[in-house]
Amino acid sequence: MNQSSGLAMESLKNLSQVLAPKTKRGEQTLEKILNAAEIEFGEKGFHEGSITGIAYRAGIAQGTFYLYFKCKEDVLRELVLYINRTIRSLLSESVINVEDRIEAERIGLRTFLTYIRKHPHLYRILQESQFVDPEVHKAYYMSFSEGYQQALKQAVDQESIRDGQLENWSWAIMGMMHFIGQRYIVWGDQAFTDESLDAVVDSIIDLLKFGLKR
């Protein structure tokens, strides 16, 4: 990666406004608040969602909320950071022992889409974050791109893929993942099975592997 490597990831750390818990119980309460906020903002949107609603869904007193966050904007910011950490961790763990980059892309895409199926509100939360906190919205995607570039560079060094404009490629692949998730998961229907999901993943990997050239 270039000299800017790691800047977005460092920016993500600095953006957190949570009053960090010092105990295991406090960490569990924080996670309850974030999970509740995901549903509250996902169902109602940021502006209609409320701290009262988050506290109710989390099963805590409203005063407990303020032990961790000062306002609704802070919890949305932390939720975006939490989602970012969760997805990046899942993707890293899913391909930790996979040396072939194309196979890693297959597993990574499948893992991402499976996560979206379990967290259908993610897209709405990320879309609204660009208006509530543009800085954290940008850092969310920039950190993914930095990680992707690093993975692609490693694959180039191992001669698993050819060299090229790795930054551009990282954004192109991320764009495919994003819109495939929106089309088939967020806008999907009840008939979308695991077999259907595998077929979609296979079609995207086919494009990555062979391109459009006849």
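This text follows the structure it describes.
My aim in this report is to walk through the structure given alongside it, one point at a time. Given the structure is predicted, the values throughout are model-derived calculations rather than measurements.

### With respect to the packing of helix H9 (residues 166-186) against helix H10 (residues 194-210)
Reasoning step 1: In contact at an axis separation of 12 Å, H9 and H10 are set at 155° when each is read in the N-to-C sense. Considering their axes alone, H9 and H10 lie roughly antiparallel with respect to each other. For the crossing formed where H9 meets H10, the hand is right-handed. Between H9, through Ile173, Met176, Ile180, Tyr184 and Ile185, and H10, the contact on the second element is made entirely by Leu197, Val200, Ile204, Leu207 and Leu208.
Reasoning step 2: Residue classes in the contact of H9 with H10 are distributed as ten nonpolar, no polar and no charged.

### Some points on the pattern of salt bridges
Side chains that carry opposite charge are capable of pairing whenever their charged atoms lie near each other.
Reasoning step 1: Under the criterion given, the structure shown has 13 salt bridges.
Reasoning step 2: A salt bridge links Glu78 to Arg85; its shortest N-O distance comes to 3.6 Å.
Reasoning step 3: A relative accessible area of 41% means that Arg85 is categorised as partly exposed.
Reasoning step 4: Measuring nitrogen to oxygen at the nearest pair gives 2.8 Å for the salt bridge that ties Asp194 to Arg117. Note that Asp194 is positioned in helix H10 and Arg117 in helix H6 (residues 101-118), a separation of 77 residues in sequence.
Reasoning step 5: On the basis of relative accessibility, which here comes to 41%, the residue Asp194 falls in the partly exposed class.
Reasoning step 6: Through salt bridges with shared partners, one network takes in Glu40, Glu43, Lys44 and Arg57.

### Here we look at the packing of helix H8 (residues 134-157) against H9
Reasoning step 1: Contact geometry for H8 and H9: axes closest at 9 Å, N-to-C directions at 120°. In terms of orientation, H8 and H9 fall into the oblique class. As for the relative orientation of H8 and H9, their crossing is right-handed in sense. Contact residues: H8 offers Tyr141, Met142, Phe144, Ser145, Tyr148, Gln149, Leu152, Lys153 and Val156, while H9 offers Leu166, Glu167, Trp169, Ser170, Trp171, Ile173, Met174, Met177 and His178.
Reasoning step 2: Among the residues forming the contact of H8 with H9, the class breakdown is twelve nonpolar, four polar and two charged.

So, how was this worked out
- Residues numbered from 1 in each chain as written.
- Predicted model: local features only at pLDDT ≥ 70, side-chain atom pairs only at ≥ 80, totals over all residues.
- Heavy atoms only, no water.
- Axes fitted to C-alpha atoms, helices over the stretch in contact; angles between N-to-C directions.
- Helix = DSSP H or I, 4+ residues; strand = E, 2+ residues; numbered from the N terminus.
- Parallel < 35°, antiparallel > 145°, perpendicular 65-115°, else oblique.
- Left-handed = near helix turned anticlockwise from the far one by under 90°.
- Contact = heavy atoms within 4.5 Å.
- Nonpolar A, V, L, I, M, F, W, Y, C, P; charged D, E, K, R; others polar.
- Salt bridge = Lys/Arg side-chain N within 4 Å of Asp/Glu carboxyl O.
- Buried < 20%, exposed > 50% of the residue type's maximum accessible area, 1.4 Å probe, protein only.

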